[in-house]
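The residues making up each chain are set out below.
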Amino acid sequence: MIANPFAYHAPATLEEVFPMLEDGSGKILAGGMSLIPLMKLRLASPENVIDLRRVPGLKEITESGGVVRVGAMATHHEIEISAVIRGRCPLLGEAASHIGDAQVRNVGTIGGSVAHADPSADYPAALVALEARIRLRSAQGERAVEASEFFLDAFTTAMEPGEIVVAVEIAAEEPSEGYKYQKVAHPASGFPVVGVAVRVKRGGGGIVLARIGVTGLGPHAFRARNAEALLEGGADIAAAAAVVGEGEDANSDLYASAEYRRHLAQVHAARALAAALTRAS
Ligand SMILES: Cc1cc2nc3c(=O)[nH]c(=O)nc-3n(C[C@H](O)[C@H](O)[C@H](O)COP(=O)(O)OP(=O)(O)OC[C@H]3O[C@@H](n4cnc5c(N)ncnc54)[C@H](O)[C@@H]3O)c2cc1C
C-alpha cells in the first residue's frame, strides 16, 4: 500500500518542532518502524510528518549523579551496546537486545517505542521495573512522568498534545542487584507474547527489593506489586510468581488466550526471578 500524501519536515532544532505540533496535523517520525507501516496501511494519515533525526541532543546516553539518561532517539542497538547501559543499567540493555531483529534494532528508537506504547513492546516491562521516568517536552516546558503512570492503555500514554518524548531517565542499578529480562517471542513478529523484567536485591538472608515488570499480558505494561510485596515479605519464588497477573486484564487473540498468557507470565516470572537471584551478590 502507498501512504496518503503528506508534507515532510526535518527541523534542525527542538524549538522548531513544537510550532509544527500545534494544530494537531503533525506526527513525529523517529525510526519509522511503527509509523511507516501504519501510514502504508492507511491506519495513520498525518498531514505533516516531522522527522526528529536532524535535531541535535536527542541521541546521547549519559550518566550523571547516579542517573542514566537515554536520549529519545537512541536506537535499540545503541542501547544494547552502550558501555553506560551495560555498566549502570544492564536490565534495559538486556530488554533492547530482545527487540525484533537486527534491522529493527538498528533503526527503531526508545522514544518511538515508548510513545507508540504497543501493549507487547519489550521496553515498558523493563522501564516499569526500573522505576524509570519518561521526560516530555513541549512549547510550555519539560516534565517527567513515572513509567508506571505513563503507559495508560494499548497505544495510549500520558503524553499531552504538543508534547514529545525527549529522554528516559533511570536511577543506576546497584552492582549488587540481580536482573533478568525474558520473553516468549511471537514466532512471526518477534514481539513478546509475554515479557517479564525483574530486579532483585538480597539482604538479611532474604530479598529486600523486588521489582517485576510485565508486558504483553494486558493492555499496557504493569508492575506486579502483589508478587513484589510477597517476595519482600519472605515468600518464596513459586508463591510470589503464582500471583503475577492476578487482577489484571489479560489480552486474548488467535495465538494466545488470556488464560495462556497469564500462565506464561507466572512461569516466566518464576524463571526470571531465579535467574536474577543468581546474578545478585
Ligand atoms: C518487524 C518488526 C519487529 C518488531 N519487533 C519488536 C519487538 O520484538 N519488540 C518491540 O518492543 N518492538 C518491536 N518492533 C517495534 C520497534 O521497536 C519500533 O522501533 C518501535 O515500536 C517504534 O520506534 P520508532 O523509533 O521506529 O518510532 P516511529 O515508528 O518513528 O514512531 C512510532 C510512534 O511514536 C511517535 N513518536 C516517535 N518518537 C517520538 C518522540 N520522541 N516523542 C513523541 N512521539 C514519538 C510517532 O509519531 C509514532 O506515532 C518491531 C517492529 C518491526 C517493524
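None of these values were measured; they are calculated from a predicted model. (Residues numbered from 1 in each chain as written. Predicted model: local features only at pLDDT ≥ 70, side-chain atom pairs only at ≥ 80, totals over all residues. Heavy atoms only, no water.)

J.: Could you clarify how one ought to interpret the sheet that holds strand S7 (residues 141–146) in this entry?
T.: Sheet strands associate in pairs through backbone hydrogen bonding, adopting either a parallel or an antiparallel arrangement. The strand order across the open sheet built from five strands is S4-S5-S10-S6-S7, with neighbouring strands paired in antiparallel fashion. Single-partner strands in this sheet number two, and they are strand S4 (61–64) and S7. Taken pair by pair, the neighbouring strands of this sheet meet at an average axis angle of 25 degrees, ignoring direction. (Pairing = 2+ DSSP bridges. Helix = DSSP H or I, 4+ residues; strand = E, 2+ residues; numbered from the N terminus. Axes fitted to C-alpha atoms, helices over the stretch in contact; angles between N-to-C directions.)

J.: Sorry, what's going on with the side chain of His268 here?
T.: Relative to the assigned elements, His268 resides in helix H12 (residues 258–279). Among residues more than four places away in sequence, those in contact with His268 are Gln182, Val184 and Val196. (Contact = heavy atoms within 4.5 Å.)

J.: It is not clear to me how the pairing of S4 should be interpreted in this structure. Could you clarify?
T.: Working note: regular strand, side chains alternate between the two faces of the sheet. Relative to strand S5 (residues 67–71), S4 runs antiparallel, the two being bridged by four bridges. Bridging across to S5, Ser64 finds its partner in Val67. The loop that links S4 with its antiparallel partner S5 comprises two residues; one of these, Gly65, has a positive phi angle of about 55 degrees.

J.: Explain a nonpolar patch on the surface here, please?
T.: A surface patch of nonpolar side chains, about 390 Å² in accessible area, is lined by Met1, Leu41 and Leu43. Along the chain, Leu43 turns up in the loop between helix H2 (35–40) and strand S3 (48–51). Here Leu43 falls in the exposed class, since its relative accessible area comes to 65%. (Patch = residues over 30% accessible without salt bridge, like charges linked within 9 Å, V, L, I, M, F, W, Y side chains within 5 Å. Areas by Shrake-Rupley, 256 points an atom, 1.4 Å probe, with all protein chains shown as cover. Salt bridge = Lys/Arg side-chain N within 4 Å of Asp/Glu carboxyl O. Buried < 20%, exposed > 50% of the residue type's maximum accessible area, 1.4 Å probe, protein only.)

J.: Even after reading the chapter, I still don't get the sheet that holds S3, so can you show me in this structure?
T.: With respect to topology, three strands assemble into an open sheet ordered S1-S3-S2, the strand pairing being parallel. Each edge of the open sheet carries a strand with a single partner, namely strand S1 (7–9) and strand S2 (26–29). Between one strand and the next, the sheet's axes are offset by a mean angle of 25 degrees, whatever the strand orientation. In terms of strand pairing, S2 meets S3 through four bridges, oriented parallel.

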